[in-house]
2 protein chains.
Amino acid sequence: MPVCVFLAKSNSNMRTRKTATKSLACKVRITAITDTMQVLSGKWKIHILGALLQGGKMRFMDLLREIDGIAAKMLSKELQDLEMNQLITRTVVDTKPITVEYEVTEYGKTMEPIIDEIANWGVFYRNRLHGKTD
Amino acid sequence: MPVCVFLAKSNSNMRTRKTATKSLACKVRITAITDTMQVLSGKWKIHILGALLQGGKMRFMDLLREIDGIAAKMLSKELQDLEMNQLITRTVVDTKPITVEYEVTEYGKTMEPIIDEIANWGVFYRNRLHGKTD
DNA sequence: GAAACTAGTTTCCAATTGGTAACTAATGCA
DNA sequence: TGCATTAGTTACCAATTGGAAACTAGTTTC
């Protein structure tokens with residue numbers, strides 16, 4: 001990934017400053033981050049993906065019980081979003097009381113590195129907080 | 001990372017289902033993700049960190065010009081949040097018009113893998129959209 | 001026939017988020 | 001004197017987010 005910000009001499013003072021001249025690579029990166037965060041927007045999507053990545057095929061009620069604090073309305077809405085983005089599939093199973101299975105797609109599994117990095121950092125963060133007072 | 005969800009027989013029907021019995025590791029993971037996302041909350045923090053990680057030391061106005069669409073109020077507030085979490089430092093420089101330099105701390109640099117993964121995925125996402133129609 | 005389980009939907013409300021625009025305050029420059 | 005630059009702050013407002021609780025609707029079990 002090339003460096004994003006061009007260096008140039010300011011004419012007001014002689015310090016080196018970063019100008020408004022943005023490279024294409026920089027804009028691409030900003031767009032990329034915006035895209036990803038839009039797909040993962042909201043309080044719950046990462047948790048839903050995290051649960052499905054670890055638990056495999058799961059039903060609506062499974063997820064409702066597994067993801068602490070989420071309400072049915074939110075779960076329903078977030079699942080729809082994830083399905084629209086093709087990160088998960090929704091399959092109706094014709095059991096006695098009808099059940100619905102959700103599963104991460106192959107495409108959805110490409111999110112795993114992101115979620116893992118986020119989880120790793122959170123653990124690191126906790127350790128730093130009460131662990132060493134550096 | 002151990003598997004999160006315990007498998008158990010449901011007594012209502014004889015399918016294998018995921019119960020509400022969550023392992024400690026699972027709760028730790030959920031907490032970790034929540035922590036990280038709280039530190040990175042809002043529309044701009046990842047972009048600010050991204051800019052500072054690539055551009056090095058930058059001033060308020062540099063960031064305002066570099067990060068497309070952000071308003072001074074938001075930039076100011078997000079910088080304060082990041083500083084409180086010790087991800088960046090704020091240094092007042094005694095120049096003619098006073099300037100302020102922001103820089104990512106060593107601790108803040110531990111966010112780089114997350115941001116890179118997010119940026120990578122965003123690029124991958126764009127390629128998939130208009131590239132191959134699979 | 002009532003209760004319970006499935007997977008949601010609907011309504012209503014409160015808090016948060018974030019945007020615009022104007023303003024402060026100190027300094028430099030023409 | 002007046003405008004530009006620095007780094008913000010403040011006030012006001014609109015949209016989004018998300019939570020609680022009630023409700024739908026079909027099936028099964030007691």
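Look up: the structure comes first, before these words.
Residues numbered from 1 in each chain as written. Chains lettered and ligands numbered in written order. Predicted model: local features only at pLDDT ≥ 70, side-chain atom pairs only at ≥ 80, totals over all residues. Heavy atoms only, no water.

**Focus on the layout of surface pockets**
- The computed volume of the largest pocket comes to approximately 610 Å³.
- As for the largest pocket, its lining consists of 27 residues, and the residues nearest its centre are A:M37, A:L40, A:G42, B:M37 and B:S41.
- Elements supplying a minimum of two residues to the lining of the largest pocket: α1 (24–39) and α2 (45–55) of chain A together with α1 (24–39) and α2 (45–55) of chain B.
- In terms of residue count, the dominant contributor to the lining of the largest pocket is α1(B) (6 residues).
- Residues that form the lining of the largest pocket fall into these classes: 12 nonpolar, 11 polar and 4 charged. (1 Å grid on protein atoms, 1.4 Å probe; cavity = no way out; pocket = protein on both sides within 12 Å on 5 of 7 lines; lining within 4 Å. Points joined across faces, edges and corners; volume = space filled by probe spheres on them. Helix = DSSP H or I, 4+ residues; strand = E, 2+ residues; numbered from the N terminus. Nonpolar A, V, L, I, M, F, W, Y, C, P; charged D, E, K, R; others polar.)

**Some remarks on a nonpolar patch on the surface**
- A cluster of nonpolar side chains, A:L24, A:V28 and B:V123, forms an exposed patch at the surface whose accessible area comes to about 260 Å².
- Position of A:L24 relative to the elements: it lies in helix α1.
- When its relative accessible area of 67% is taken as the criterion, A:L24 is described as exposed. (Patch = residues over 30% accessible without salt bridge, like charges linked within 9 Å, V, L, I, M, F, W, Y side chains within 5 Å. Areas by Shrake-Rupley, 256 points an atom, 1.4 Å probe, with all protein chains shown as cover. Salt bridge = Lys/Arg side-chain N within 4 Å of Asp/Glu carboxyl O. Buried < 20%, exposed > 50% of the residue type's maximum accessible area, 1.4 Å probe, protein only.)

**Concerning the packing of aromatic side chains**
Residue and element names in this part refer to chain A.
- For the coordinates displayed, the defined rule picks out 8 aromatic pairs over all chains.
- With a centroid separation of 5.4 Å and an interplanar angle of 20°, the aromatic rings of W121 and Y125 are classed as stacked. Taken together, the residues span about one helical turn, with W121 and Y125 both in helix α5 (residues 112–130) at a distance of 4 residues. Neither residue differs from the other here; W121 and Y125 are each classed as buried. (Phe/Tyr/Trp six-rings, centres within 6.5 Å; stacked < 30°, edge-to-face > 60°.)

**Quick notes on the pairing of strand β5 (residues 99–104) of chain A**
Residue and element names in this part refer to chain A.
- Most of β5 is tucked away: 5 of the 6 residues are buried.
- Bridge analysis of strand β4 (residues 88–93) against β5 gives 6 bridges, and the strand direction is antiparallel. Across the sheet, the residue bridging to T91 is E101, located in β5.
- Counting the residues in the hairpin turn of β4 and β5 gives 5 residues. (Pairing = 2+ DSSP bridges.)

**Comments concerning the protein's contact with DNA strand D**
- In the vicinity of DNA strand D, 21 residues are found, and the nearest of them are A:K43, A:K73, B:S76, B:R90 and B:Y102.
- Across the atoms of DNA strand D situated within 4 Å of the protein, the share located in sugar and phosphate is 75%.
- One of the backbone N or O atoms of B:M61 is found 3.1 Å from a phosphate oxygen in DNA strand D.
- No other element matches the 4 residues that helix α4 (residues 72–84) of chain B contributes to the surface near DNA strand D. (Near = heavy atom within 4 Å. Polar contact = N/O pair within 3.5 Å; in protein donor to acceptor, adjacent residues only side chain to side chain.)

**Topic: the sheet that holds strand β3 (residues 58–59) of chain B**
All names here are of chain B.
- As summarised here, the arrangement of the 3 strands in space is β3-β5-β4, forming an open sheet in which the pairing is antiparallel. Among the strands making up the open sheet, the edge pair consists of β3 and β4 (88–93).
- Bridging between β3 and strand β5 (residues 99–104) involves 2 bridges; their strand directions are antiparallel. Each residue of the ladder has a partner; that of M58, found in β5, is Y102.

**Quick look at unusual backbone geometry**
- The backbone phi angle of A:Q86 is positive, close to 65°, even though this residue is not glycine.
- As for its position among the elements, A:Q86 is in the loop between α4 (72–84) and β4.

**Quick look at the pattern of salt bridges**
- Applying the stated rule across the entire model yields 16 salt bridges over all chains.
- Note that A:R59 is salt-bridged to A:D62, the shortest N-O span being 3.8 Å.
- Accessibility expressed as a relative area gives 8% for A:R59, which makes it buried.
- Judged by its relative accessible area of 3%, A:D62 falls in the buried class.
- Among the ionic pairs, B:K45 bridges to B:E78, the shortest N-O distance being 3.1 Å. With B:K45 in helix α2 and B:E78 in helix α4, this pair connects stretches of sequence that are 33 residues apart.

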